[in-house]
Amino acid sequence: MITIDALPAFTDNYIWLLQDPEQQRCAVVDPGDAAPVEAWLDAHPQWQLSDILITHHHFDHVGGIEKLKQRTGARVLGPASEKIPGRDVSLKQGDSVEVLGHTLQVIEVPGHTLGHIAYYQAQQHWLFCGDTLFAGGCGRLFEGTPAQMHDSLSRLAALPEQTAVYCTHEYTLSNLRFALAAEPGNKELQQRMQQVTEWREAGEVSLPSSIGLELKTNPFLRCNELSVNEILQERDGRSQRTPVEAFAALRSWKDSF
Ligand code: ZN
Ligand code: FE
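All values reported here derive from a predicted model rather than from experimental measurement.

Q: Just to check I follow, could you spell out the coordination of the iron ion (ligand 2) for this structure?
A: Tetrahedral coordination by four donors puts the ideal angle at the metal at 109.5 degrees, and octahedral coordination by six puts it at 90 or 180 degrees. Around the iron ion (ligand 2), the protein contributes the donor atoms Asp60 (OD), His61 (NE2), Asp131 (OD) and His169 (NE2), at 2.1 to 2.4 Å from the metal centre. Each of the four donor atoms bound to the iron ion (ligand 2) contributes to angles spanning 83 to 168°, and the resulting shape is irregular. On the primary sequence, the residues serving as donors to the iron ion (ligand 2) are separated as D-H-x69-D-x37-H. Separating the iron ion (ligand 2) from the zinc ion (ligand 1) is a gap of 3.2 Å, which Asp131 spans by donating to each of them. Of the two residues, Asp131 sits in the loop between β10 (126-130) and β11 (133-134) while His169 sits in the loop between β13 (164-167) and α5 (172-182), which places them 38 residues apart along the sequence. Summarising the burial analysis for this pair, Asp131 and His169 share the class buried.

In structure tokens form, the structure reads like this:
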């Protein structure tokens, strides 16, 4: 049985820590800073860090790799088409890797960066998606096009609804504020806003989300919804958008929100 905890890093990053208590082995996802992981390892001296999983090349996801690899000898897995420090295993679409006795499938999700990958565990329904799908939102388009990101998000949205979404940032509240502007009449979204506000006031992590919840409350997965398209039309008078055009309009609205 694997347990998954969030190690906070920087101001709003989470380093996901997968733990196998039986073997006393663990793995981390996107350690942008080594310090929180080292502190955990110091407090658990019997445990061994076996794997470091990387979704994309941004510093807040890769900054801690070298220190952790040096200390623990952990294997570093990351996207084949990006420059990842210390990478031992280069991954591309359709690859699968064994981590802590579980098979993770690699899904290429270009958009935030061009080589961005996500890791999916099909029996436990875990998704580690970095800065692609966020709770209530999605990553900025630093390298890819709206069409690429829309396609990437559509493929994640097609995973089973119970899939737990482990993204890298605690952006949920600000994402939901935007989501409510895009879909003020969405009852489930209003409820989610209330719930997440309570969690954050209590200092709790708002993650993981689930694909089912995102389908109901994340405007970036709802580009086909009439309500979203009506709001977009109110803003600029344009009607008859394709889903990719609606996505692009939402994304650029969010960028200046
Ligand atoms: Zn990033
Ligand atoms: Fe990031």
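The discussion continues.
Q: Just checking my understanding: could you explain the coordination of the zinc ion (ligand 1) for this structure?
A: At 2.2 to 2.3 Å from the zinc ion (ligand 1) lie its protein donor atoms, namely His56 (NE2), His58 (ND1), His112 (NE2) and Asp131 (OD). For the zinc ion (ligand 1), the four donor atoms in the first shell make angles of 86 to 172° at the metal, a pattern classed as irregular. In terms of primary sequence, the donors binding the zinc ion (ligand 1) are separated according to H-x1-H-x53-H-x18-D. Its relative accessible area of 4% is what places His112 among the buried residues.

Q: It is not clear to me how the packing of aromatic side chains should be interpreted in this structure. Could you clarify?
A: Going through the model one piece at a time under the given rule, you end up with eleven aromatic pairs. Here Trp16 and Tyr166 contribute two aromatic rings whose centre-to-centre distance is 4.8 Å and whose plane-to-plane angle is 75°, an arrangement assigned as edge-to-face. Here Trp16, found in strand β2 (residues 13-20), pairs with Tyr166, found in strand β13; they are 150 residues apart in sequence, far enough to count as distant. Comparing Trp16 with Tyr166, the two get one shared label, buried. Measuring from centroid to centroid gives 5.1 Å for Phe128 and Tyr166, while their planes differ by 25°, and the two rings are stacked. With a gap of 38 residues between them, Phe128 in strand β10 and Tyr166 in strand β13 connect regions that are remote in the sequence. Owing to a relative accessible area of 1%, Phe128 belongs among the buried residues under this scheme.

Q: Explain helix α9 (residues 243-255) to me, please; I cannot follow it from the model alone.
A: Owing to its 3.6 residues per turn, the α-helix aligns residues three or four sequence positions apart on the same side. A rise of 1.5 Å per residue sets the reference length of α9, with its 13 residues, at 18 Å; its end C-alpha atoms lie 18 Å apart and thus fit the reference within 8%. For α9, the secondary structure elements touched by its buried residues are β12 (137-138), α4 (146-157), α5 and α8 (226-236).

Q: Hey, could you run me through the packing of α5 against helix α6 (residues 187-201) in this one?
A: Packed helices, taken two at a time, are described by the angle their axes make and the gap between the axes. At a minimum axis separation of 10 Å, α5 and α6 run at an interaxial angle of 155°. Our classification of the angle between α5 and α6 gives roughly antiparallel. Classified by chirality, the crossing of α6 by α5 is left-handed. Between α5 and α6, the contacting residues are Thr172, Leu173, Leu176, Arg177, Ala179 and Leu180 on the first element and Leu189, Gln190, Arg192, Met193, Val196, Thr197 and Arg200 on the second. Its residues assigned to classes, the contact of α5 with α6 comprises seven nonpolar, three polar and three charged.

Q: I would appreciate a short explanation of the pairing of strand β5 (residues 75-79) in the present structure.
A: Remark: a regular strand shows side chains that alternate across the two faces of the sheet. The element β5 is extensively covered by neighbouring structure, given that four of its five residues are classed as buried. Bridge count for β5 against strand β6 (residues 89-91) is three bridges, and the pairing is parallel. Note on β6: the bridge partner recorded for Pro79 is Leu91.

Parameters at a glance
Residues numbered from 1 in each chain as written. Chains lettered and ligands numbered in written order. Predicted model: local features only at pLDDT ≥ 70, side-chain atom pairs only at ≥ 80, totals over all residues. Heavy atoms only, no water. Donors = N, O, S within 2.8 Å, 3.2 Å for Na, K, Ca; no water. Tetrahedral: all angles 85-135°; square planar, octahedral: opposite > 155°, others 65-115°. Helix = DSSP H or I, 4+ residues; strand = E, 2+ residues; numbered from the N terminus. Buried < 20%, exposed > 50% of the residue type's maximum accessible area, 1.4 Å probe, protein only. Phe/Tyr/Trp six-rings, centres within 6.5 Å; stacked < 30°, edge-to-face > 60°. Expected span 1.5 Å × (residues − 1). Contact = heavy atoms within 4.5 Å. Axes fitted to C-alpha atoms, helices over the stretch in contact; angles between N-to-C directions. Parallel < 35°, antiparallel > 145°, perpendicular 65-115°, else oblique. Left-handed = near helix turned anticlockwise from the far one by under 90°. Nonpolar A, V, L, I, M, F, W, Y, C, P; charged D, E, K, R; others polar. Pairing = 2+ DSSP bridges.

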